[in-house]
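Secondary and tertiary structure notes
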Amino acid sequence: MHFIDLHAQQKLVRDKIEHNINAVLNHGQYILGPEVAELEGQLAEYVGVKHCIGVSSGTDALLVALMALGVGPGDEVIIPSFTYVAPAEITVLLGATPVYVDICPISYNLNPELLSKNLTDKTKVIIPTSLYGQCPDFDRINKIANDNGIPVVEDGAQSFGATYKASRSCSLSAIGVTSFFPSKPLGAYGDAGAIFTNEDELALDMRRISRHGQDGRYNHIRLGVNGRLDTIQAAVLLAKLDIFDSEVSARVQIGKEFSEILLSRGFEGYPKVMPCNESVYGQYTIRVENRGEVISALKEKGIPSAVHYPAPLHLQTAVEKPSTHAPEAVAASKQVLSLPFHPYISKEELNAIADVIKETQDAIAQFD
Ligand SMILES: *Cc1c(COP(=O)(O)O)cnc(C)c1O
């Protein structure tokens, strides 16, 4: 069984991908070829915002966004304690200090109730992650942020295609960023990412930053980075975008079905989606008390699994802040387990996974 079956997807779009890559080989504009602007236009329309800037990865998208917002030494950046390392890494690279806020134990996203007391006059940006494919409570986060004049950057690397109150992930705050790492909901065949905003000046500045701070060729008006999206990756993404709507529908549907199957076997640790959200299940992540045993039992049946993430950020050496009080993040890091999930997974596969989960949970019940 595959954790994510990119091959099943490729079969559906291989002709179009080859056609698009061939077009790039023929015109030869490998850097900022016409496919990049075409993809940016389609992605902006899909997300429902004015501007999209294609960039080299989700991490670079965060870097460019934080540079545009002027994050630097002395600033504090609010980050959930339980997410991928990228936002913390970028914050530290820019000389600023991450302030880790605990998560809601149900959604695993930043807990808005803890936000206000973590704000100081040094807080420069708030970066909520839409973890595992569902958005946090943006209405509450935005309200607190607006009241304090602090911009919000959504890390939508796992939630591209998801909706919050019928608006798409990456359109919900001043800036939204996403990743097209191959295993993300919309995946390229290499590193790629994008930035979204409705603000004209911010868009112009972020575009410049991602292209060496250029305003016209060799006229470098501000510090930037080499953060461009490759033409070939744009060509791949344009082909995959054709089937993305149906893949998102399949993700939503299969995610619900998977949870029903688990619940029908008496397992309640399935992922809970808030009523205002539609999750794309960037990861289908369950919660178990005996994670080691579950991983082994799955492995015995040839079923892969993964842990996102085994430690909260405040305890990750490179970006650590051990004094952080985030008990929910610590608890989650010990119990979460991501299961195989993709738009082409079969009902038989879902049932086979659920059977193993049930067996391992029955074993605990007996033990109790
Ligand atoms: C994948 C991911 C990133 C980084 O994206 P890359 O394209 O790999 O740089 C950032 N944040 C989250 C939550 C992610 O899952």
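1. Examining the packing of aromatic side chains
Taken as a whole and assessed by the stated rule, the structure comprises 14 aromatic pairs. Each member of the aromatic cluster is reached from another via a ring pair, and the members are Tyr-46, Phe-160, Phe-180, Phe-196 and Phe-244. Here the basic side chain of Arg-168 rests over the ring of Tyr-46, its NZ or CZ set 4.1 Å away from the ring centre. Over the ring of Tyr-270 we find Lys-272, and its NZ or CZ is 4.2 Å from the ring centre.

2. What about the site of the ligand?
As a matter of local geometry, the ligand sits amid 14 residues, with Gly-58, Thr-59, Asp-155, Ser-179 and Lys-184 nearest to it. Note that an oxygen atom of the ligand is positioned 2.5 Å from one of the side-chain N or O atoms of Thr-59. Considering the ligand on its own, with 380 Å² of exposed area, one finds that the protein chains cover 93% of that surface. Residues that form the shell around the ligand fall into these classes: five nonpolar, seven polar and two charged.

3. Quick notes on the sheet that holds strand S10 (residues 277-278)
Taken together, the three strands give an open sheet; going across it, the order is S7-S6-S10, and neighbouring strands pair in antiparallel fashion. Two strands close off the open sheet at either side, each with one partner strand: strand S7 (167-168) and S10. The pairing of strand S6 (residues 163-164) with S10 spans two bridges and is classified as antiparallel. Within S10, the residue paired with Tyr-164 across the bridge is Asn-277.

4. Focus: unusual backbone geometry
The linkage connecting His-308 with the following residue, Tyr-309, adopts the cis geometry, with an omega of 10 degrees. Residue placement: Tyr-309 occurs in the loop between helix H9 (291-300) and helix H10 (327-335). Its identity is not glycine, yet Cys-170 carries a phi of approximately 85 degrees, on the positive side. Mapped onto the elements of the fold, Cys-170 is located in the loop between S7 and strand S8 (175-179). Of note in this structure, Tyr-218 is not a glycine but carries a positive phi near 60 degrees. On the secondary structure map, Tyr-218 appears in the loop between helix H6 (200-209) and helix H7 (231-241).

5. Let's talk about the packing of helix H3 (residues 58-68) against helix H4 (residues 86-93)
In the contact formed by H3 and H4, the axes pass within 9 Å of each other and the chain directions differ by 45 degrees. One finds that H3 runs oblique with respect to H4. Judged by the twist between their axes, the crossing of H3 over H4 is right-handed. For the pair H3 and H4, contact is made by Thr-59, Leu-62, Leu-63 and Leu-66 and by Ala-86, Pro-87, Glu-89, Ile-90 and Thr-91, respectively.

Definitions and limits used
- Residues numbered from 1 in each chain as written.
- Predicted model: local features only at pLDDT ≥ 70, side-chain atom pairs only at ≥ 80, totals over all residues.
- Heavy atoms only, no water.
- Phe/Tyr/Trp six-rings, centres within 6.5 Å; stacked < 30°, edge-to-face > 60°.
- Lys NZ or Arg CZ within 6 Å of the ring centre and 35° of its normal.
- Near = heavy atom within 4 Å.
- Polar contact = N/O pair within 3.5 Å; in protein donor to acceptor, adjacent residues only side chain to side chain.
- Areas by Shrake-Rupley, 256 points an atom, 1.4 Å probe, with all protein chains shown as cover.
- Nonpolar A, V, L, I, M, F, W, Y, C, P; charged D, E, K, R; others polar.
- Pairing = 2+ DSSP bridges.
- Helix = DSSP H or I, 4+ residues; strand = E, 2+ residues; numbered from the N terminus.
- Axes fitted to C-alpha atoms, helices over the stretch in contact; angles between N-to-C directions.
- Parallel < 35°, antiparallel > 145°, perpendicular 65-115°, else oblique.
- Left-handed = near helix turned anticlockwise from the far one by under 90°.
- Contact = heavy atoms within 4.5 Å.

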